[in-house]
Structures are given as C-alpha cells and as structure tokens.
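# Tertiary structure, described
Okay, here's what each chain looks like letter by letter:
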Amino acid sequence: MTTTLRPTTPERHTDDGGRARSYEVCVNGRPVGSVRLTTDARLGPTVGRIEHLHIDAADRHRGRGTVAALAAEEVLRRWNCTRLVVGVPARAATALGLAAALGYRERGRDMIKPLTDPPGLPPGSAVRAMVEADYPAWHARRRAEYARSLLDSGLTRDEAEAKAESDYATLLPHGPATPGTVLRVLAHDGTDVGTLWLALRAGEPDAEERGEAFVFSVEVAEEHRGHGHGRTLMLAAERDSLDAGAHSLGLHVFGGNTPALRLYESLGYEPVEYRLIKQLL
C-alpha cells in the first residue's frame, strides 16, 4: 500500500517567508486522514511545524500516522526547513510514542496548577513590587538567559538573539508598567535574593488551557540558591494570581532544566503539552 499526502488547499505564503498548506493523508488514493503543515511564525521560515495530524479511527494502528509524519518531513525539507517542531498534548500517549520513535526530543513542556487557597510565605521572606531602578539590570539578565535557552533548544545564535529581542519587546513594551504584568522582588532577612515575572491572562484565547496567570520567569541570585527561595517565589506567584482573580497558574519549563522541573512537580504542577523538536537532515 502507498501512503501519500494530497494537497487540499493552495499553498499560502507570507511576506516574511512563511508557508502553510493542508493535505489529505491517502492510502492508494483513499483519504484516511489529514495533516496541516506550516513554518513557525515565531521561530522563522526555516523551522517547520506539523500543526495538525489526524488519522481516521478505522485506519489507526496500521502505521498510517508514522508514514504521514515522514511524508510531512519530506514536504518541509522541500520548503528548506532544517528543523521541525510539534506540540503534543500530555494525554496523547500514542502521539508521544510516535514522536519518540521518529526521533523527536523534548524542547520543553507547558505545565499548569489549579489554585485554591493563598499560600503563606516562609519566615523572613518578603515580596515587593519591582521598581524602575531594578528593571534595566533584570531585563538584561532575563533576556540573555532566554536567548541561551533558545540556543539550547536548537536555534542558531542569530535566530535566538532576534527572537529574544522580539519576544521581550512584545511582552514588556512598557517595562514594569506593562498592563497585565506583575514583576516582584523577593527579599529574605532584608536582602534581595530573587525576582518573579508573572502575566495575568484573563480573556486570552488559551487562558483556560494554559492558565489564567502565567509565570514567565523565576530567578534566584546564584549566591542565594539552594535555600528554597525558588519555591517561595512560586508561592508568591500563586498569591498574586489568586489576588487578581485567577484560578489556575501555568508555566513553561525548557527541556533539560531538571531542577526547575522537580520544583514545579513538587508544588503540584502537571504537564498539559510537550513541545518537541527534530533536526531535519
């Protein structure tokens, strides 16, 4: 049997080099599913994305999904993509198994926690709003750390720097005064030890799935690590979220950041989606 992808829409092009197209998955000419391919709007036209891959129930467990995914890779290679990214829901065990078999690795995962009662902070800990004088040094550190994380996830240095610059300009256009943004400084026994960046997301399209509030950054100064201050910052994030009326808190953790992952798991956060990446040779 021959499995092929048959276009169902014209190929769409964007001014910045992006491409997108939808296909039927066919076996000997018979439609058995569908797939939609795009280049990644945020990572650029050399990064392809399988936005959607569906195999009809009657044709599952016959290798159709595997062959369709491999055919999608060939299309993206013809689009001059060098990497492929996918998002897979945490509950989709079959899709996660397929991705692992095809050589994808974890780029990161989205996690979420329902919120109920405001937690207390440990003795000696106090949280204050970040002021304008704190902001430039904090911004420079966080942007640089974000760019390093993007490098580790497979982007080139130029791509990582460009994405970090664009994302921070979009997310924090007015610095600490950006609407819906909460920036905090944690002090312990009178000494500043860490910072928190929290976004309030009520009304956004994916707020319910990703969290009505979202932790963009938790940072503890290197000389103060290992004393539980990261946990305290997360508790402060939960308090701020509840104070703003949010009932869930989400976050993203990059693949390989084991200490952060263990912290979030210990606090009750659970994965909702895995972000996977594959090099296209």
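Remember, predicted model here, so these are calculated numbers, not experimental data.

## So, unusual backbone geometry
Of note, the phi angle at Asn28 is positive, near 50°, even though the residue is not glycine. Along the chain, Asn28 falls in the loop between β3 (19-27) and β4 (30-40). One non-glycine residue, Asn80, lies in the positive phi region at around 70°. By the secondary structure assignment, Asn80 is in the loop between α1 (64-78) and β6 (83-89). Residue classification places Asn80 among the exposed positions, given a relative accessible area of 59%.

## Digging into the packing of aromatic side chains
The final tally for this structure, using the stated rule, is seven aromatic pairs. Feature note: the residues Tyr135, Trp138, Tyr146, Tyr168, Trp197, Phe214 and Phe216 constitute an aromatic cluster, connected by ring pairs.

## Here's the deal with the confidence of the model for the protein chain
Taken as a whole, the protein chain shows an average pLDDT of 91; of its residues, 95% reach a score of 70 or greater. Across the protein chain, element-level confidence peaks in strand β9 (residues 181-188) with a mean pLDDT of 97 and bottoms out in helix α5 (residues 207-210) with 57.

Criteria and thresholds
- Residues numbered from 1 in each chain as written.
- Predicted model: local features only at pLDDT ≥ 70, side-chain atom pairs only at ≥ 80, totals over all residues.
- Heavy atoms only, no water.
- Helix = DSSP H or I, 4+ residues; strand = E, 2+ residues; numbered from the N terminus.
- Buried < 20%, exposed > 50% of the residue type's maximum accessible area, 1.4 Å probe, protein only.
- Phe/Tyr/Trp six-rings, centres within 6.5 Å; stacked < 30°, edge-to-face > 60°.
- pLDDT = per-residue confidence, 0-100.

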